[in-house]
Amino acid sequence: MRFTYHGNRAKNKNFNCDIITDFDLSVGGININPQDIGRVILNLVNNSFYAVNEKNKAGKENYKPTVTLLTKLLEKTIEISVADNGNGISQQIVNKIFNPFFTTKPTGQGTGPGLSLSYDIVKAHGGELKVQIKEGEDSVFKITLSA
């Protein structure tokens, strides 16, 4: 997450964002391909950084861009959440965001396969990738994997 943050800062000196992490130490080890799940988390974090940066550029007063990454052990599953306080996702497009090559980014700022590939990777691990939105306020992507 921090690597991605500094990559965004290198591309845009004005980019700034609070990062909150909360890792449940009781999670322990799980049977996954760490490179694949790492790609999913990287994609979700990059999307969150993009969302908070776009909202910040709009100049909303007292806005503090924030991205949160947390893990949590539930009964029989592990949940990984990536949340941001960007503009959220429009209810009109929320059902399309996991479609291949769908994007809301301007030309040259994203090709669109990120969420679709992320969804497929999580599914291949026997998990789920879901989104919760508050349009105009925030987005929370939750990965659920077997413990």
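Relevant structure appears above.
Caption draft 1: Structural context of the packing of helix H1 (residues 2-11) against helix H2 (residues 34-57). Running from N to C, H1 and H2 cross one another at 40 degrees; their axes reach a closest spacing of 10 Å. Taken together, the axis directions place H1 and H2 in an arrangement best described as oblique. Crossing hand, H1 versus H2: right-handed. From H1, Thr-4, Tyr-5 and Asn-8 reach across to H2, where they touch Leu-42, Val-45, Asn-46 and Phe-49. Looking at the contact of H1 with H2 residue by residue, the classes come out as four nonpolar, three polar and no charged.

Caption draft 2: The arrangement of the pairing of strand E3 (residues 77-84) in detail. For E3, the tally of buried residues reaches seven of eight residues, placing the bulk of the element in the interior. Two successive antiparallel strands, strand E2 (residues 66-73) and E3, enclose a turn made up of three residues. Relative to strand E5 (residues 138-146), E3 is paired through eight bridges, and the arrangement is antiparallel. Bridge pairing in E5 links Val-82 to Phe-141.

Caption draft 3: Molecular detail of the sheet that holds strand E4 (residues 128-134). Spatially, the five strands line up as an open sheet ordered E1-E2-E3-E5-E4, and their pairing is mixed. Each of the sheet's edge strands pairs with one partner strand only, and the pair in question is strand E1 (18-23) and E4. Taking the axes of each pair of neighbouring strands and ignoring which way they run, one obtains an average angle of 10 degrees across the sheet. Here seven bridges tie E4 to E5, and the two strands are oriented antiparallel to one another. Each bridged residue has a counterpart across the sheet, and for Ile-133 the counterpart in E5 is Ser-139. On top of the sheet, H2 reaches E1, E2, E3, E4 and E5; it is set at about 25 degrees to E3, its chief contact.

Caption draft 4: Main features of the environment of Leu-70. Tracing the sequence through the fold places Leu-70 in strand E2. With relative accessibility at 23%, the residue Leu-70 sits in the partly exposed group. Along the backbone, Leu-70 and Ile-80 are 10 residues apart, and their C-alpha atoms lie at a distance of 5.7 Å. When near neighbours in sequence (up to four residues on either side) are disregarded, Leu-70 contacts Asp-22, Glu-79, Ile-80 and Ser-81.

Rules and cut-offs
- Residue positions are counted from 1 within each chain, in the order its sequence is given.
- Given that the model is predicted, a residue must reach a pLDDT of at least 70 before its local features are reported, and side-chain atom pairs must reach 80 or more before they are shown or counted; all residues, however, enter totals for whole chains, interfaces and linings.
- Note that water and hydrogens are dropped before the side-chain values are worked out from all heavy atoms of the structure.
- For every element, the axis is a line fit to its C-alpha atoms; helices are fit only across the contacting stretch, and the angle between N-to-C directions ranges from 0 to 180 degrees.
- In this description a helix means any DSSP run of H or I spanning at least four residues, a strand means any run of E spanning at least two, and both kinds are numbered starting from the N terminus.
- An angle below 35 degrees is treated as roughly parallel, one above 145 as roughly antiparallel, one from 65 to 115 as roughly perpendicular, and anything else as oblique.
- Should the near helix be turned anticlockwise from the far one by less than a right angle, the crossing is left-handed, and should it be turned clockwise, the crossing is right-handed.
- Contacts are assigned to residue pairs with any non-hydrogen atoms lying within 4.5 Å of each other.
- Following the grouping adopted for this structure description, the nonpolar residues are Ala, Val, Leu, Ile, Met, Phe, Trp, Tyr, Cys and Pro, the charged ones are Asp, Glu, Lys and Arg, and the polar ones are all others, Gly among them.
- For every residue, the accessible area (1.4 Å probe, protein chains only) is compared with the maximum for its type, and the residue is labelled buried under 20%, exposed over 50%, or partly exposed between those bounds.
- Think of it this way: DSSP has to see at least two bridges between two strands before they count as a pair.

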